[in-house]
Amino acid sequence: MIELQQVTKRFGNTLAADAIDLRINQGEFCVLVGTSGCGKSTTLRMINRLIPHSSGLLTIEGQEISQLDEQQLRRRIGYAIQSTGLFPHWPVARNISLVPRLLGWSEARVTERVEELLELLNLPYAEFAHKYPSELSGGQAQRVGVARALAGDPDILLMDEPFGALDPITRETLQNELLRIQRKIHKTLVFVTHDMDEALKLASQIVVMDQGKIIQQASPAELLLNPANDFVAQLLGGEDRGLKQAGLLRVAERMLPLPGPNSLDQAPAIQLHDSLRQALSIMLWHQCQQLRVYEGDSLVGYLPLDRIIRADSHV
């Protein structure tokens, strides 16, 4: 879907992106992560030509972007940023409908799309369509920004630290919403963050950048097991990597069948699809060494402590 071959960007004497090679496949959730000034936002903005690249080859679906009409390219690519970029004098529905109207959609189709997206993002149309950005909370405004980025049904969605200014609870809620939406719509997402925990939670592929270069590209699990160097290991949290990996693994992967009736009556409960990190936290809090495992309301097994920390788990 997106390919960068030896792509470089210079601002005067400053090298912001240094001979980047990157391939992002269709439907992939790719997260660019690194410290401030590492080149991740520059790389993102080169994809939709908000920043032109200085040299190298940058293609979308095999087409060199410099050969494409700039406005048409941007209408094919959704773009969401930290500040939302909503027009303050337009109500929510008009903000979301901007790109579909530019694309020449009929009024009926535009209205249907706005209603669909507001419902998808848990913002009921009747309640939110006519509100102005100043009447929204930070989380609600960010949802509207994501809806606007998706409005033209683009194949690619670029997101530049969209949740960076939100409080932790709202941020986690929107991360979960984004994962839920991605499971339904299967867009190609390129997401920039400086938060490695956010990257590990969201990404199918993580690209670690430093000083304009790509240091490592891997899945979250591969990155945790085999960081390329000390910089990547430090970015991952050093000795905290085991807990981070436990956050990627599900209880379902380690639980055991029930040992017998009434043998777990006093054990705390956890859900089948919760993480091993959550399971370990519950055990520490309740000072216990096993948990009952539920799928919804049904008891399906149990999880002992040694199944979390066994040697072959790398956790």
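Residues numbered from 1 in each chain as written. Predicted model: local features only at pLDDT ≥ 70, side-chain atom pairs only at ≥ 80, totals over all residues. Heavy atoms only, no water.

## Some remarks on the overall build of the protein
- Of regular secondary structure, the protein possesses 14 helices and 13 strands.
- A principal-axis box enclosing the C-alpha atoms of the protein has dimensions of 65 × 50 × 30 Å.
- Out of the 315 residues belonging to the protein, those deemed buried represent 48%.
- Once local pairs closer than 6 in sequence are excluded, the contacts in the protein between residues at least 24 apart make up 62%.
- Side-chain charges of the protein comprise 31 positive and 37 negative groups, with the mean position of each set lying 4 Å from the other. (Helix = DSSP H or I, 4+ residues; strand = E, 2+ residues; numbered from the N terminus. Buried < 20%, exposed > 50% of the residue type's maximum accessible area, 1.4 Å probe, protein only. Contact = heavy atoms within 4.5 Å. Lys, Arg positive; Asp, Glu negative; His and termini not counted. Charge placed at Lys NZ, Arg CZ, Asp CG, Glu CD.)

## Observations regarding the pattern of salt bridges
- Under the criterion given, the structure shown has 14 salt bridges.
- Between Glu116 and Arg113 there is a salt bridge, with the nearest N and O atoms lying 3.1 Å from each other. Taken together, the residues Glu116 and Arg113, both in helix H5 (residues 107-120) and three residues apart, mark about one turn of the helix.
- By relative accessible area, which is 46% here, Glu116 ends up partly exposed.
- Glu198 is the salt-bridge partner of Arg171, the closest N and O atoms lying 3.0 Å from each other. With Arg171 in helix H8 (residues 168-185) and Glu198 in helix H9 (residues 196-202), the pair connects residues that are 27 residues apart, well separated along the chain. (Salt bridge = Lys/Arg side-chain N within 4 Å of Asp/Glu carboxyl O.)

## So, the nonpolar core
- Counting residues in hydrophobic clusters, the biggest one holds 48 residues, and the most contacted among them are Ile96, Met159, Leu178, Phe191, Met196, Ile206 and Leu223.
- Here this core gets six residues from one element, more than from any other, and that element is helix H7 (residues 138-150).
- Once residues lying within four places of it in the same chain are set aside, the contact partners of Ile96 are Val114, Leu117, Leu118, Val144, Ala147, Arg148 and Ala151.
- Within the second largest apolar cluster, 27 residues are counted, among which are Ala17, Leu32, Leu58 and Leu68. (Core = buried A, V, L, I, M, F, W, Y, C linked by side-chain atoms within 4.5 Å.)

## Describing the domain arrangement of the protein
- We note that the domain assignment places domain 1 (2-244) and domain 2 (249-309) within the protein.
- Relative to domain 2, the C-alpha centre of domain 1 lies at a distance of 36 Å. (Domains from an automatic or database assignment.)

## Notes on the UniProt feature "domain: ABC transporter" (unreviewed entry) in the protein
- The UniProt record annotates "domain: ABC transporter" (unreviewed entry) at residues 2-236.
- Structurally, residues 2-236 is divided into 40% helix and 26% strand, and its ends, taken at the C-alpha atoms, are 26 Å apart. (UniProt positions renumbered as here; feature names shortened; annotations may be inferred.)

## Quick look at H5
- Its 14 residues give H5 an end-to-end C-alpha distance of 20 Å, which sits within 8% of 20 Å, the value for a rise of 1.5 Å per residue.
- Those residues of H5 that sit buried are Val110, Arg113, Val114, Leu117, Leu118 and Leu120. All buried residues of H5 fall inside an arc of 160° around its axis, so they share one side. Projecting away from the buried face of H5 at angles above 90 degrees are the exposed residues Ala108 and Glu112.
- In this structure, the buried side of H5 is in contact with helix H3 (92-96), helix H4 (98-102), helix H6 (125-128), H7 and H8. (Expected span 1.5 Å × (residues − 1). Arc of directions from axis to C-beta.)

## A look at the sheet that holds strand S13 (residues 298-304)
- Strand order in this open sheet of three strands is S11-S12-S13, and the pairing throughout is mixed. Of all strands in the sheet, those with a lone pairing partner are strand S11 (269-271) and S13, marking the two edges. For this sheet, the mean inter-axis angle between neighbouring strands, taken without regard to orientation, is 35°.
- Pairing of strand S12 (residues 290-295) with S13 involves six bridges; the strand directions are antiparallel. Paired with Tyr294 across the strands is Leu299, a residue of S13. (Pairing = 2+ DSSP bridges. Axes fitted to C-alpha atoms, helices over the stretch in contact; angles between N-to-C directions.)

## Quick notes on the pairing of strand S1 (residues 2-11)
- Note that S1 and strand S4 (residues 55-60) share five bridges and pair antiparallel. If you follow Ile2 over to S4, its bridge partner there is Ile60.
- As paired strands, S1 and strand S2 (residues 14-24) are joined by seven bridges and run antiparallel to one another. In the sheet register, Arg10 faces S2, and the bridge partner there is Leu15.

## Some thoughts on the confidence of the model for the protein
- For the protein, per-residue confidence averages 89 on the pLDDT scale, and residues scoring 70 or more make up 97% of the total.
- A low-confidence stretch, residues 311-315 stays under pLDDT 50, and its non-local contacts, those more than four residues away or across chains, total 11 contacts. (pLDDT = per-residue confidence, 0-100.)

## Thoughts on the sheet that holds strand S8 (residues 188-193)
- Spatially, the six strands line up as an open sheet ordered S6-S7-S8-S3-S9-S10, and their pairing is mixed. Two strands lie at the open edges of the sheet, namely strand S6 (77-81) and strand S10 (213-218), each paired on one side alone. Looking at each pair of strands side by side, their axes are set apart by 15° on average, direction ignored.
- The sheet contact formed by strand S3 (residues 29-33) and strand S9 (residues 205-210) spans four bridges and is parallel. When the sheet's bridge partners are listed, Val31 is paired in S9 with Ile206.
- The strands touched by H7 are S6 and strand S7 (156-160); relative to S6, the strand with the most contacts, the crossing angle is about 165°.

## Examining unusual backbone geometry
- Unlike most non-glycine residues, Asp153 shows phi in positive territory, near 55°.
- Looking at where Asp153 falls in the secondary structure, it is placed in the loop between H7 and S7.
- At Gln287, a position not held by glycine, the phi torsion is positive, near 50°.
- Relative to the elements of secondary structure, Gln287 occurs in the loop between helix H13 (276-286) and S12.

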